[in-house]
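Structural overview for review
So the chains spell out like this:
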Amino acid sequence: MKITAVTPFILHVPVTGSQIADSTHTISHWGVVGAKIDCDNGLSGYGFTGTHAHLPGDQLVTRCIETCHAPLLIGEDAHDVQRLWLKLARNPALQWVGRAGITTLAQAAIDIALWDLKAKAGGVPLWKLLGGQVRERVRAYNTDIGWLSIPDDQLVDGARRAVAEGFSGIKIKVGSSVERDLRRLQSVRRAIGPDVTLAIDGNGKWDLATCRRFCRGAEDSDVFWFEEPTWYDDVKGHAALARATSIPVALGEQLYTADAFSEFFAQQAVHWVQPDVTRLAGLTEVLQVCATAHSFRLPVAPHAGDMSQVHVHLAYAHPAVQVLEYIPWIKDCFTEPAEVVDGAFRLPQQPGAGTTPTADAWARLRQPTA
Ligand code: MG
């Protein structure tokens, strides 16, 4: 399975409604920025990272794929996922100038495309290649009803609707003002009752003092986790908050390396581990994070940067994964969408990683890569 071509691509996919906001960003589209890898056996693999769909930034990723990573891949055997991961991680064109960031996102896209190819070559869905199904169902929690841009009354309606659709978990955004966010949290908890898990996500906006003040008011609402309460890389701050509140701390969607996760584990600064195949350098690195988390007996809840297309395979195959985020924006761009039925993700059946775009999405949503 020799690699014959590596072609970058960009899709811009509309979000639910015209736009959504969390505490730090307002976006109208999700960027699916990736690589198509063709092989001499006729198979093509697809992998992608997730962006906020700003074309100049997206084109830095595609340029990195095309000019720096692709030349190292042509002629290689696509089966050799781990060896090629190391080759790209040590890419002499990049290691000195970018051990994290755009280069990592570009490598993520390639690594995922290689896993997609390997599963397709074996004729199996990726979860089978990863060792097989270790759980009956992967519980989904709904984030798409909880944006900070949703008015209070619609937030409560959306939460009720998600529960009626079968979701046993939801997540709402915080990070505006402590008073407003506590009011929203309490009204959602009242609306959904005690049996549905209710997580909150601050997207790193608040400082430690504000987090503490919020947590004092939130502890009565049975919060499942507080995600990214403070700045993404602040190990000491998260460790201090974890000691100060009974609410579990979740994080990881903004971390680029397994080493970064290890520091949070060592300092007992995180309870729920949220790696992302589109942020770390692909599934290969995420598997290491999951293994390390599992060795600390920490549960994993992958972030939906891939909107669960790849993560659903991981979640069915890895013993550390407990629950998976659901945001439906891009699922219909793929030949096998990550669908939720009765509150659980459907077990994928098609060979591959679930990353093959439909012909329609490919024709309709593509953007120029340069
Ligand atoms: Mg988040």
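Quick summary incoming for the structure in this document.

Calculation criteria
- Residues numbered from 1 in each chain as written.
- Predicted model: local features only at pLDDT ≥ 70, side-chain atom pairs only at ≥ 80, totals over all residues.
- Heavy atoms only, no water.
- Donors = N, O, S within 2.8 Å, 3.2 Å for Na, K, Ca; no water.
- Helix = DSSP H or I, 4+ residues; strand = E, 2+ residues; numbered from the N terminus.
- Buried < 20%, exposed > 50% of the residue type's maximum accessible area, 1.4 Å probe, protein only.
- Axes fitted to C-alpha atoms, helices over the stretch in contact; angles between N-to-C directions.
- Left-handed = near helix turned anticlockwise from the far one by under 90°.
- Contact = heavy atoms within 4.5 Å.
- Nonpolar A, V, L, I, M, F, W, Y, C, P; charged D, E, K, R; others polar.
- Phe/Tyr/Trp six-rings, centres within 6.5 Å; stacked < 30°, edge-to-face > 60°.

In this section: the coordination of the magnesium ion. Protein coordination of the magnesium ion is provided by D201 (OD), E227 (OE) and E253 (OE), with donor distances spanning 2.0 to 2.2 Å. Motif for the magnesium ion, donor spacing along one chain: D-x25-E-x25-E. In this pair, E227 is assigned in strand β9 (residues 223-227) and E253 in the loop between β10 (249-251) and α9 (258-266), connecting sequence segments 26 residues apart. Of the two residues, E227 and E253, both sit in the buried class.

Where helix α5 (residues 152-164) meets helix α6 (residues 178-192), the axes come as close as 9 Å, and the angle between the chain directions of the two elements is 35°. Taken as a pair, α5 and α6 cross one another with a handedness that is right-handed. Between α5 and α6, the contacting residues are D152, L155, V156, A159, R160 and V163 on the first element and R180, R183, R184, S187, V188, A191 and I192 on the second. For the contact of α5 with α6, the residue count by class is seven nonpolar, one polar and five charged.

On inspection of all chains with the given rule, the structure shows 18 aromatic pairs. Ring geometry for F167 and Y326: centres 5.3 Å apart, planes at 35°, overall tilted. Remark: Y326 occurs in strand β12 (residues 323-326) and F167 occurs in the loop between α5 and β7 (169-173); sequence separation between them is 159 residues. Classification of F167 by relative accessible area gives buried; the value is 5%. With a centroid separation of 6.3 Å and 50° between ring planes, the pair formed by F261 and F265 is classed as tilted. Here F261 and its partner F265 are both found in helix α9, four residues apart, which amounts to about one turn of the helix.

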